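# Analysis of the macromolecular model
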Amino acid sequence: MITEEELRKNYEDVLNNIKAHAQKVGRDYSDIKLVAVTKTHPIELLNLAVKIGIRTFGENYAQELRDKAKALEGVDIEWHFIGRIQTNKVKYIVPVAKMIHSVYRLEELEEIDKVAKKFGKIQDILLEVNVSGEETKAGLQPEQVKDFLVSATRFTNVKIVGLMTMAPYVEPENARPYFRKLRILRDELKVDFPDIVELSMGMTNDYTVAVEEGSTIVRIGTALFGERKKLK
């Protein structure tokens, strides 16, 4: 596992990169939230991350999110769910997640709304948009988002606050058009849907470009924690 010293340096490097690229385009870097992606990493690593000042964590698997939240109960942490949603596991996500990043089906929204009602909670949601058009990627097509938002207005316990995308794994500069497309879409939607403000885009490979293109949330795993050990 990574040492505290290594993690601290990685964290400082990422924060400095966010700051430099935000300033390059005249943005306030404090408007950008860093979500540390900790899927499959042990609880010891999260404790180390908390120790050096990381407070926002992203998990991809519902039961892993539930278990880690329980293990770190009482610690001042904000949890984000960033993985594929299975409707039968929403019950594990809603009680702990500040934000769910990866919604693109009405049945997901319906189940989240139902569970959120039980907990007396308004659940913050991001809609996943497939701006690259890759068949292997999930998400709404850009032209579907407005109709989806209209359909979603019937749900009382969810609040759609922004958009999320995953760019193709290409050279960072080549990801720029996809991030720009999502930002333009967000700006267009804000006219009729003023709650749509967040842009979750940018990972270890391309977050600096995403910041330049307006990302408000970056999802960083490898740049903080190193490569994950491959399961044998």
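Read on for an overview of the structure. (Residues numbered from 1 in each chain as written. Predicted model: local features only at pLDDT ≥ 70, side-chain atom pairs only at ≥ 80, totals over all residues. Heavy atoms only, no water.)

## Re the overall build of the protein
Along the backbone of the protein there are 9 helices and 8 strands. In terms of C-alpha radius of gyration, the protein reaches 17 Å, essentially the compact-globule figure of 17 Å for 232 residues. Its C-alpha atoms give the protein principal-axis dimensions of about 50 × 40 × 35 Å. Expressed as a percentage of its 232 residues, the buried residues of the protein come to 50%. Within the protein, residue pairs in contact and separated by at least 24 positions form 60% of the contacts whose partners lie at least 6 positions apart. For the protein, the exposed surface amounts to about 11,600 Å²; the carbon and sulfur share of it is 49%. Both charge centroids of the protein, one from 36 positive and one from 36 negative side chains, sit 3 Å from each other. (Helix = DSSP H or I, 4+ residues; strand = E, 2+ residues; numbered from the N terminus. Rg over C-alpha atoms; globule rule 2.2 N^0.38 Å. Buried < 20%, exposed > 50% of the residue type's maximum accessible area, 1.4 Å probe, protein only. Contact = heavy atoms within 4.5 Å. Areas by Shrake-Rupley, 256 points an atom, 1.4 Å probe, with all protein chains shown as cover. Lys, Arg positive; Asp, Glu negative; His and termini not counted. Charge placed at Lys NZ, Arg CZ, Asp CG, Glu CD.)

## A look at the environment of Ala116
Mapped onto the fold, Ala116 is located in helix α5 (residues 106-118). Sequence-distant contacts of Ala116, defined by excluding residues within four places in its chain, comprise Val94, Lys121, Gln123 and Asn157.

## Brief notes about the side chain of Glu59
Tracing the backbone shows Glu59 in strand β2 (residues 56-59). Judged by relative accessible area, Glu59 falls into the buried class, the value being 0%. Within the structure, Glu59 has its side chain in polar contact with the side chain of Lys68 (distance 2.9 Å). In this structure, Glu59 is in contact with Thr38, Lys39, Glu64, Leu65, Lys68, Trp79, His80, Phe81, Ile82 and Gly83, ignoring residues within four places of it in sequence. (Polar contact = N/O pair within 3.5 Å; in protein donor to acceptor, adjacent residues only side chain to side chain.)

## Notes on the nonpolar core
By size, the foremost hydrophobic cluster in this structure holds 66 residues, and its most contacted members are Ile100, Leu127 and Leu163. Among the elements that take part in this core, helix α2 (residues 43-52) stands out by supplying 6 residues, more than any other. When near neighbours in sequence (up to four residues on either side) are disregarded, Ile100 contacts Phe81, Ile85, Ile93, Val94, Ile112, Gln123, Asp124, Ile125 and Leu126. Of all hydrophobic cores here, the second largest spans 6 residues; its members include Val35, Leu126, Met164 and Ile217. (Core = buried A, V, L, I, M, F, W, Y, C linked by side-chain atoms within 4.5 Å.)

## Re helix α3 (residues 62-71)
Within the span of α3, buried status applies to Ala62, Glu64, Leu65, Lys68 and Ala69. For α3, the angular spread of buried residues about the axis comes to 160 degrees, placing them on one side. Away from the buried face of α3 by more than 90 degrees, exposed residues Lys70 and Ala71 are located. Contacts from the buried residues of α3 go to α2, β2, β3 (78-81), α4 (90-93) and β4 (97-103). (Arc of directions from axis to C-beta.)

## Looking at α5
If you check α5, its first and last C-alpha atoms are 19 Å apart, about what 13 residues at 1.5 Å a residue would give, namely 18 Å. Among the residues making up α5, those that are buried are Glu108, Leu109, Ile112, Asp113, Val115 and Ala116. The inward-facing, buried residues of α5 contact α4, β4, β5 (123-128), α6 (145-152) and β6 (158-164). Looking one or two residues past α5, Gly120 carries a phi angle of roughly 60 degrees, positive in sign. (Expected span 1.5 Å × (residues − 1).)

## A word on the side chain of His80
Relative to the elements of secondary structure, His80 occurs in strand β3. A polar contact is formed between the side chain of His80 and the side chain of Glu78, at a distance of 2.7 Å. For His80, the residues in contact, after removing those within four places along its chain, are Lys33, Val35, Thr56, Phe57, Gly58, Glu59, Lys98, Met99 and His101.

## A word on the pairing of β3
For β2 and β3, the ladder comprises 4 bridges, and the chain directions are parallel. Looking at the pairing, Gly58 lines up with His80 of β3. Between β2 and its parallel partner β3, the chain crosses via α3, and the hand of that crossover is right-handed. Across 3 bridges, β3 lies against β4 in parallel orientation. By the bridge assignment, Phe81 is partnered in β4 with Ile100. (Pairing = 2+ DSSP bridges. Right-handed = clockwise from strand over helix to strand, strands pointing away.)

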